Amino acid sequence: MKKIAIFLDNASNHAIYSRISGLFGSVYEEDLDIAIYLFHSRGAWRFDEKYNAGEYNIFRLPDLSVFDGFVLIFNDLTDDRREFIGWKACQDVIRRVRASGKPAISIGTRIEGMYHVGIDNISSMTVIMRHLTEEHHCRDFWFFMGPKGHRESEQRAKAIRAYLSERDDRDYSEFFYYESFDPLCGEHGFSEFIGRFGSTPDAIVCANDHIAIGACTEANRRGYEAPRDFLITGFDNIGMASCHTPALTTIDQCWSELGRVCIEFFKAYWAEREFPRSTTVRTRLIPRQSCGCEERRAEEAAELFNESIRESMEMESYNRQLIRLEINLMRAHNAREIGEAFATTLPYLGCESVSLVLDRRFYSEREQTELLKDGSQGKETGERSFLREGYPPNMMLAFTCENGRVTMADVPAEQLYEEYKKKPAPKDCMFLPVHFGDLAAGYIVLAHAEQLIRNAYLVRGVQMLLSSIETCYTQSRLQSANELLARASITDAMTGFYNRMGYQKVAIPTYEAACREGRSLAILFADMDGLKTINDRYGHENGDHAILSLAQAIRRVCPHDALISRMGGDEFLILLNENEEEEILEIIRRIREEVPRTEAAGRLPYPPTVSIGFIVSDASSDQTLDHYVHLSDGLMYEEKRRAKERASAQQD
């Protein structure tokens, strides 16, 4: 089985999507032993920089060494995009593909050293201009182009200027309007030019069909109509061009032929046959109502009306399912619930399979807590932070939704690829990034990529899925942050033990629960000897070090279920479940022996010592914990007094 990787760069451009339709169609129609992996970035130069970084990161996911060929569909690699992160990401793919030594072909954009298939924008636009001038005798024009500097927009504008310069020496520069490839370009262009010139031209030539539809919309608002008041042409022959009123005269780019050439290239390359370095697919002019060429036949109008009704009914059904999906996703609190919500909607959206792969941090509360503790989410590097470039090796398969059923996995993502390998060819899947701004959180894998690209409702459904993942993770982090703040409020920063508030909120309820259950507790009160002397002679820094030495000794010796509070500077309260005096005395002895070993830094000329008093509570009494703490504190001071007396006697 041969494997082809496609790198697709664009956010929502119908023309770009359509260029791969022939490729997929050829693979399935010929039943070729080929698997297609489509890595799709939905970034665009006009989007947020961090969003774009997260989108283009999907290009770093694949290991190029496992593929047998590559298709690059990069729409705009002009020099004025050099500072755009998408330009850099595409250039990185080009570099890696070249280094792989595998065959590669670019659709549309010419890339040095690679095979190329595309259309001739200049000759195609020249055909439109010749049709308008020779067939319809147009002389006055407006030209609504895409973004200024965009390769295809500039090529089409260049063709117009070249054609007009051969006919007369007029300066047409003031009749060019540049903005975008969206309908708003046509609306804004018509509004500006009708205000500037006061009347319509013979014809409006648009860089694509979307712009032409936008121009017709604005013209209708102002009482003008094509082709009565002006002729208008588009470019691309999208589905809406034939359905629009008037039906648009346009250029059919023959996208299916572009894809077919790609497959023919790979077949020839793998068979070691010669193949042209560059192939230009012939386009064709589609003359329609908008330039007054063809009236719509009655049966064609009826079919378009029926199609409109079918689309309207389908739209209502899709919208109901998307509303249902949105409600279910709003109730989801984790990856499992997201998968279950999405699985119920897949059959209605026409999607066979969706798999979600996530960073392992989604599965570990400890990892999320560590992210919050050290703030490493904002660092450029670090094993705890989400990556900004590439993906970690230990990704987890969260779930797979297939044919309306959800399979929970929580297994290494490699298992997904092993299952995919078992499926017979031809087959294809698409990879979409899951990210929080520029932080890579995971990716989605969808079967039958072409269907997703063409189904706007499925695209919306996937977008809801992505938003739900981010919402769940944000909620999880907020919950972890709140828990961390709650723990911080009752925890001593130096030792990690409970503080005075922790004593009130944890120690007292623990004691009261033991009383209700009829259990006695040992209450130990520990105090370091001579801390004032240490602070005065050696400084407070060494005093703090001595306190930490005692705290670490207590932690190492006491059982894991012991409840420890730092009651003051060098005072510690310990609650133990042990109630046998022999066991309690053994713990006290071990704490005293552990302190010198813990004070390993050697900052003091002598290891600190500790005095400890203890008492065992009577579960049958109604005494409070404060009562027993007061008693153990008194016993501790009694021991401290006896220790001073012994030291004084030894000196005498």
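Because the structure is predicted, anything quoted here is derived from the model rather than measured.

Procedures and definitions
Residues numbered from 1 in each chain as written. Predicted model: local features only at pLDDT ≥ 70, side-chain atom pairs only at ≥ 80, totals over all residues. Heavy atoms only, no water. Helix = DSSP H or I, 4+ residues; strand = E, 2+ residues; numbered from the N terminus. Buried < 20%, exposed > 50% of the residue type's maximum accessible area, 1.4 Å probe, protein only. Pairing = 2+ DSSP bridges. Phe/Tyr/Trp six-rings, centres within 6.5 Å; stacked < 30°, edge-to-face > 60°. Lys NZ or Arg CZ within 6 Å of the ring centre and 35° of its normal. Axes fitted to C-alpha atoms, helices over the stretch in contact; angles between N-to-C directions. Parallel < 35°, antiparallel > 145°, perpendicular 65-115°, else oblique. Left-handed = near helix turned anticlockwise from the far one by under 90°. Contact = heavy atoms within 4.5 Å. Nonpolar A, V, L, I, M, F, W, Y, C, P; charged D, E, K, R; others polar. Salt bridge = Lys/Arg side-chain N within 4 Å of Asp/Glu carboxyl O. Right-handed = clockwise from strand over helix to strand, strands pointing away. Expected span 1.5 Å × (residues − 1). Polar contact = N/O pair within 3.5 Å; in protein donor to acceptor, adjacent residues only side chain to side chain.

**Observations concerning the overall build of the protein chain**
Now for step 1: Helix and strand content of the protein chain: 22 helices and 21 strands.
Now for step 2: Within the protein chain, the proportion of its 652 residues that are buried is 52%.

**Topic: the environment of Gly 101**
Now for step 1: Looking at the secondary structure, you find Gly 101 in the loop between α4 (85-100) and β4 (104-107).
Now for step 2: We classify Gly 101 as exposed; its relative accessible area is 55%.
Now for step 3: Once the C-alpha coordinates of Gly 101 and Leu 64 are considered, the two residues, 37 residues apart in sequence, prove to be 9.9 Å apart.

**Brief notes about the pairing of strand β8 (residues 203-206)**
Now for step 1: Going residue by residue along β8, you find Ala 203 and Val 205 tucked away on one face and Ile 204 and Cys 206 tucked away on the opposite face as well.
Now for step 2: Where strand β6 (residues 141-145) lies against β8, 4 bridges are found, and the strand directions are parallel. Residue Phe 143 lies in a different strand from β8, and its bridge partner there is Val 205.
Now for step 3: The pairing of β8 with strand β9 (residues 231-233) spans 3 bridges and is classified as parallel. Residue pairing for β9: Ala 203 is matched across the bridge by Leu 231.

**Quick notes on the packing of aromatic side chains**
Now for step 1: Within the structure shown, the criterion is met by 35 aromatic pairs.
Now for step 2: Ring centres 5.7 Å apart and planes at 70 degrees place the aromatic pair Trp 142 and Phe 190 in the edge-to-face group. Note that Trp 142 is positioned in strand β6 and Phe 190 in helix α7 (residues 183-197), a separation of 48 residues in sequence. There is no split in this pair, since Trp 142 and Phe 190 are both buried.
Now for step 3: A cation over an aromatic ring shows up here: Lys 3 above the ring of Phe 67, its NZ or CZ 5.9 Å from the ring centre.
Now for step 4: Note that Arg 161 overlies the ring of Phe 176, its terminal NZ or CZ placed 4.4 Å from the centroid.

**Brief notes about the packing of α7 against helix α8 (residues 209-221)**
Now for step 1: Between α7 and α8, the shortest axis-to-axis distance is 6 Å and the interhelical angle comes to 45 degrees. Considering their axes alone, α7 and α8 lie oblique with respect to each other. Relative to α8, α7 is oriented so that their crossing is right-handed. For the pair α7 and α8, the contacting residues are Pro 183, Cys 185, Gly 186, Glu 187, Phe 190 and Ser 191 in the first and His 210, Ile 211, Gly 214, Ala 215, Thr 217, Glu 218, Ala 219 and Arg 221 in the second.
Now for step 2: Grouping the amino acids of the contact of α7 with α8 by side-chain chemistry returns 6 nonpolar, 5 polar and 3 charged.

**Thoughts on the pattern of salt bridges**
Pairing between side chains of opposite charge can happen when the charged atoms of each approach one another.
Now for step 1: Enumeration over the complete set of coordinates arrives at 29 salt bridges.
Now for step 2: A salt bridge links Glu 517 to Arg 519; the shortest N-O distance between them is 2.7 Å.
Now for step 3: According to the relative accessible area criterion, Arg 519 is partly exposed, its value standing at 33%.
Now for step 4: Glu 639 is the partner of Arg 592 in a salt bridge, and the nearest nitrogen-oxygen pair spans 2.0 Å. Of this pair, Arg 592 sits in helix α21 (residues 581-598) while Glu 639 sits in helix α22 (residues 625-651), and the two are 47 residues apart along the sequence.
Now for step 5: Using a relative accessible area of 34% as the deciding quantity, one classes Arg 592 as partly exposed.

**Section: the sheet that holds β9**
Now for step 1: The sheet built from 4 strands is open, its strands ordered β7-β6-β8-β9 with parallel pairing. In this open sheet, the two edge strands, each paired with only one partner strand, are β7 (176-178) and β9. The average angle at which neighbouring strand axes cross in this sheet is 15 degrees, direction not considered.
Now for step 2: Of the strands in this sheet, β6, β7 and β8 are in contact with helix α6 (residues 151-165), which crosses β7 at around 175 degrees.
Now for step 3: The sheet contacts of α7 involve β6, β7 and β8, and relative to β6 the element is tilted by about 145 degrees.

**Here's the deal with the pairing of strand β3 (residues 69-74)**
Now for step 1: Counting buried residues along β3, 6 of its 6 residues qualify, which places the element largely inside the surrounding structure.
Now for step 2: Residue alternation in β3 divides its side chains into two sets, Gly 69, Val 71 and Ile 73 and Phe 70, Leu 72 and Phe 74, and both sets are buried.
Now for step 3: Across 3 bridges, the pairing between β3 and β4 is parallel. Within β4, the position partnered with Phe 70 by the bridge is Ala 104.
Now for step 4: Regarding topology, α4 serves as the crossover connection from β3 to the parallel β4, and that connection is right-handed.

**Notes on α7**
Now for step 1: Its 15 residues place the ends of α7 21 Å apart at the C-alpha level, agreeing with the 21 Å of an ideal helix rising 1.5 Å per residue.
Now for step 2: Those residues of α7 lying buried are Cys 185, Gly 186, Glu 187, Gly 189, Phe 190, Phe 193 and Ile 194.
Now for step 3: In this fold, the buried residues of α7 make contact with β6, β7, β8 and α8.
Now for step 4: Downstream of α7 by one or two residues, Gly 198 has phi in the positive range, about 85 degrees.

**Focus: the sheet that holds strand β18 (residues 522-528)**
Now for step 1: The 4 strands are arranged β19-β20-β18-β21 in an open sheet whose pairing can be described as antiparallel. Pairing within the sheet leaves two strands with one partner each, and these edge strands are β19 (563-566) and β21 (610-616). Adjacent strand axes in the sheet meet at a mean angle of 15 degrees, parallel and antiparallel pairs treated alike.
Now for step 2: Summarising the sheet, β18 and strand β20 (residues 571-576) pair through 6 bridges and their orientation is antiparallel. Paired with Ala 526 across the bridge in β20 is Phe 572.
Now for step 3: Lying on the sheet, helix α18 (residues 500-516) is in contact with β19 and β20; it crosses β19 at an angle near 155 degrees.
Now for step 4: Strand contacts of helix α20 (residues 540-557): β18, β19, β20 and β21, with the helix running at about 5 degrees to β20, the strand carrying the most contacts.

**Overview of the environment of His 136**
Now for step 1: Among the secondary structure elements, His 136 is positioned in the loop between α5 (121-135) and β6.
Now for step 2: Residues His 136 and Cys 293, spaced 157 residues apart in sequence, show a C-alpha to C-alpha distance of 9.0 Å.
Now for step 3: Aside from chain neighbours lying at most four places away, what touches His 136 is His 131, Leu 231, Cys 291, Gly 292 and Cys 293.
Now for step 4: A polar side-chain atom of His 136 sits 3.2 Å from the main-chain carbonyl oxygen of Cys 291.

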